[in-house]
Amino acid sequence: MTTAPSTTTDEAPQPAAPAPSKGNWAPLRPLILRLHFYAGVLVAPFLLVAAVTGLLYAGSFQAEKLVYDHEMTVPVGGDKLPISEQVAAARKAHPEGTISAVRPSPEADATTRVMLSGVPGVGEGHTLAVFVDPYTAKVRGSLEQYGSTGALPLRTWIDEFHRDLHLGETGRLYSELAASWLGIISAGGLVLWFSRRRALRKVRGTKGRRRTLGLHGSVGLWAAAGFFFLSATGLTWSAYAGAHIDELRTSLGQATPSVSAGAGGDHGGHDSAAGQAGDAAHGVGLDKVLAAARSEGLGDPVEIVPPADAKSAYVVKQVQRSWPTKQDAVAVDPAEGQVVDVLRFADYPVLAKLTRWGIDLHTGVLFGLASQIALMLLALSLILLIVWGYRMWWQRGRGSAFGRPVPRGAWQQVPPQILVPLLAGIAVLGYFLPLFGIPLVVFLAVDILLGEIAYRRGRRSYGTPAGER
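About the cut-offs
- Residues numbered from 1 in each chain as written.
- Predicted model: local features only at pLDDT ≥ 70, side-chain atom pairs only at ≥ 80, totals over all residues.
- Heavy atoms only, no water.
- Helix = DSSP H or I, 4+ residues; strand = E, 2+ residues; numbered from the N terminus.
- Buried < 20%, exposed > 50% of the residue type's maximum accessible area, 1.4 Å probe, protein only.
- Contact = heavy atoms within 4.5 Å.
- Areas by Shrake-Rupley, 256 points an atom, 1.4 Å probe, with all protein chains shown as cover.
- Polar contact = N/O pair within 3.5 Å; in protein donor to acceptor, adjacent residues only side chain to side chain.
- pLDDT = per-residue confidence, 0-100.
- Salt bridge = Lys/Arg side-chain N within 4 Å of Asp/Glu carboxyl O.
- Pairing = 2+ DSSP bridges.
- Axes fitted to C-alpha atoms, helices over the stretch in contact; angles between N-to-C directions.
- Left-handed = near helix turned anticlockwise from the far one by under 90°.
- Nonpolar A, V, L, I, M, F, W, Y, C, P; charged D, E, K, R; others polar.
- Phe/Tyr/Trp six-rings, centres within 6.5 Å; stacked < 30°, edge-to-face > 60°.
- Parallel < 35°, antiparallel > 145°, perpendicular 65-115°, else oblique.

Novice: Please explain the overall build of the protein chain as it appears in this structure.
Specialist: If you tally the helices and strands in the protein chain, you get 12 helices and eight strands. Every one of the 469 residues in the protein chain was classed for burial, and the buried ones make up 50%. Long-range pairs, those at least 24 residues apart, make up 66% of the contacts in the protein chain between residues at least 6 apart in sequence. Approximately 22300 Å² of the protein chain is accessible, and the part contributed by carbon and sulfur atoms is 63%.

Structure, rendered in structure tokens:
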């Protein structure tokens, strides 16, 4: 990945570059160089924010365990009390709101979480998690919680900062812009790096701009696969591109199914409604419901969602997103305590599984600490690449020509049989990724305007000299 053009204006004289290849694809390099330059310079600030906040988020899982150790863990005792007793203790301490879900203690030293919705002072879409000692039913504290991974205040704050800069739906545009362009800039950088003569790729023994370019290209080469992955998975839950992806998956019959919370269900997707107005003491109660789920093989960690109304069932679902993934779910009739619907993760459509794994790997959940370290390294790599990219921009300038871009007109050298399909592909990609397509049109419009201004002043130039490639 190269954020700035790969010229060779170094302090020491460089040997003359051989004439460029005359193949049909050779004229593409100057065009990619110019687009890569503009994209790198103008989009890099958004990528830098995404990289820094992503670095913080990757480390937030371990920080959360340290900061909230008292609430999350307990000394290991004897036998755990029935879930109903633990929930009763939580409700005695916090009678406000309604129970939206219960997560029984998944490990010997872990607390039980009782989630309450509609609690005054708790943000919309968040719940109040009450932490209960499973051995004594003593309440160890309560914290605001967000999301299916049970993020507590520290991780929630960093997550929202990374996702939308705490600006709500409008702020999500920044992260979608970064995700849309990350893969494009990486692809352009790879093309530029591999089309560069091998002798000019080395880092050792070089200095000045060539050394910066070598470091930039080498690190970008090794990190490119990770950047493509982060770009693709980040777009799956973005505002606009994510909607297109969901529509495509649905049209292909690859949408994520959910267990039915009705009496007899057909995976109709009523799972989310079950948590809006639950009553944990409804019907046979939590203990028999949990026992019914255990009989279907649902091991810890699980979440119990009370019925939304008199016609709904309990939903018990596994919530382990680390490897191996546990996402099975069952619906349990509150009157009889019988399982009325079962959904196995093994039965998910292929794209639904890949989406689940992709998102969990992107957020550092799938492989735990190993993936969190890998994400930190990718974030650090992106930060370094951006710094090196701007440094090359600085080093490329001489006197009043600081930061000059590659000369215009490169597209005119591209053969029509390549240019037309390329433009068609970009148009399709721009439709599915609006925050790639719209900024690209803006870049081109501004570039054309600047070109016309330069033309009227008699300073318009075309093409890229071979010595600057």
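Novice: For this particular structure, what's the right way to read the side chain of Gln372?
Specialist: Relative to the helices and strands, Gln372 is located in helix 10 (residues 369–396). Using a relative accessible area of 4% as the deciding quantity, one classes Gln372 as buried. Polar side-chain contacts of Gln372 include one of 3.0 Å to the backbone oxygen of Gly364. When near neighbours in sequence (up to four residues on either side) are disregarded, Gln372 contacts Ala58, Phe61, Gln62 and Gly364.

Novice: I would appreciate a short explanation of the confidence of the model for the protein chain in the present structure.
Specialist: Low pLDDT means the predicted atomic positions in that stretch should not be read closely. Here the protein chain averages 85 in pLDDT, while 83% of its residues score no lower than 70. Every residue in residues 1–22 scores below 50 in pLDDT, and together they form 72 contacts with partners more than four places removed in sequence or on other chains. In this model, residues 264–278 is a region of pLDDT below 50 whose contacts with residues beyond four sequence positions or in other chains number 40 contacts.

Novice: Mind showing me how you'd approach the pattern of salt bridges here?
Specialist: A side chain with one charge can pair with a side chain of the opposite charge if their charged atoms come near. One pass over the full model with this rule turns up 10 salt bridges. Linking Glu303 and Arg103 is a salt bridge whose minimum nitrogen-to-oxygen distance equals 2.6 Å. Taken together, the positions of Glu303 in strand 5 (residues 302–305) and Arg103 in strand 1 (residues 98–103) put the pair 200 residues apart, joining distant regions of the chain. For the pair Glu303 and Arg103, a shared accessibility class is recorded, and that class is buried. Its salt-bridge partner being Arg163, residue Asp159 comes within 3.0 Å of it at the nearest N-O pair. Here Asp159 and its partner Arg163 are both found in helix 4 (residues 153–164), four residues apart, which amounts to about one turn of the helix. Summarising the burial analysis for this pair, Asp159 and Arg163 share the class buried. Shared partners join several salt bridges into a network, and the residues in it are Arg103, Glu303 and Lys317.

Novice: What should I look at first to understand the pairing of strand 3 (residues 127–132) in this one?
Specialist: The two faces of a sheet get side chains in turn, since along a regular strand they alternate between them. In terms of burial, strand 3 is largely enclosed, as six of its six residues are buried. Here strand 3 shows a buried face lined by Thr127, Ala129 and Phe131 and a second buried face lined by Leu128, Val130 and Val132. Sheet topology places strand 2 (residues 112–117) next to strand 3; five bridges connect them, and they run antiparallel. Residue pairing across strands places Arg113 opposite Phe131, the latter belonging to strand 3. The pairing of strand 3 with strand 4 (residues 139–145) spans six bridges and is antiparallel.

Novice: I keep staring at the packing of helix 6 (residues 208–235) against helix 10 and nothing clicks. Help me out?
Specialist: Each packed pair of helices is defined by two parameters, the angle between the axes and the distance between the axes. Put simply, helix 6 and helix 10 touch, their axes get as near as 8 Å, and they point 145° apart. In this structure, helix 6 meets helix 10 at a crossing whose hand is left-handed. Two secondary-structure elements touch here, helix 6 through Gly208, Arg209, Thr212, Leu213, Leu215, His216, Val219, Gly220, Ala223, Gly226, Phe227 and Leu230 and helix 10 through Leu375, Leu378, Ser381, Leu382, Leu385, Trp388, Gly389, Arg391, Met392, Gln395 and Arg396. In terms of residue class, the contact of helix 6 with helix 10 is made up of 12 nonpolar, eight polar and three charged.

Novice: How should the packing of aromatic side chains be read in this particular structure?
Specialist: Aromatic ring pairs are described here by two measures, namely the spacing of the ring centres and the angle between the planes. Per the stated rule, a full pass over the model turns up 12 aromatic pairs. On the basis of an interplanar angle of 75° and a centroid distance of 5.3 Å, the ring pair of Tyr57 and Phe61 is categorised as edge-to-face. Of this pair, Tyr57 and Phe61 both sit in helix 1 (residues 28–67), four residues apart, which is roughly one turn of the helix. Residue classification places Tyr57 among the buried positions, given a relative accessible area of 10%. Judged by its relative accessible area of 10%, Phe61 is buried. Between Trp323 and Phe367, the aromatic rings sit 6.0 Å apart at their centres with planes inclined by 40°, giving tilted as the arrangement. With Trp323 in the loop between strand 6 (314–318) and strand 7 (329–332) and Phe367 in the loop between helix 9 (350–362) and helix 10, this pair connects stretches of sequence that are 44 residues apart. The class for Trp323 is exposed, based on a relative accessible area of 52%. Taking relative accessible area as the criterion, Phe367 reaches 44% and is therefore assigned partly exposed. The structure contains a cluster of three or more aromatic residues connected by ring pairs, namely Trp323, Phe345, Tyr348, Trp357 and Phe367.

Novice: Would you mind showing me how to read the packing of helix 3 (residues 83–93) against helix 8 (residues 286–295) here?
Specialist: Taken N-terminus to C-terminus, the directions of helix 3 and helix 8 make an angle of 135°; their axes are 7 Å apart at the nearest point. It follows from the interaxial angle that helix 3 and helix 8 lie oblique. Counted together, Ile83, Ser84 and Val87 of helix 3 and Leu286, Asp287 and Leu290 of helix 8 form the full contact between these two elements. Looking at the contact of helix 3 with helix 8 residue by residue, the classes come out as four nonpolar, one polar and one charged.

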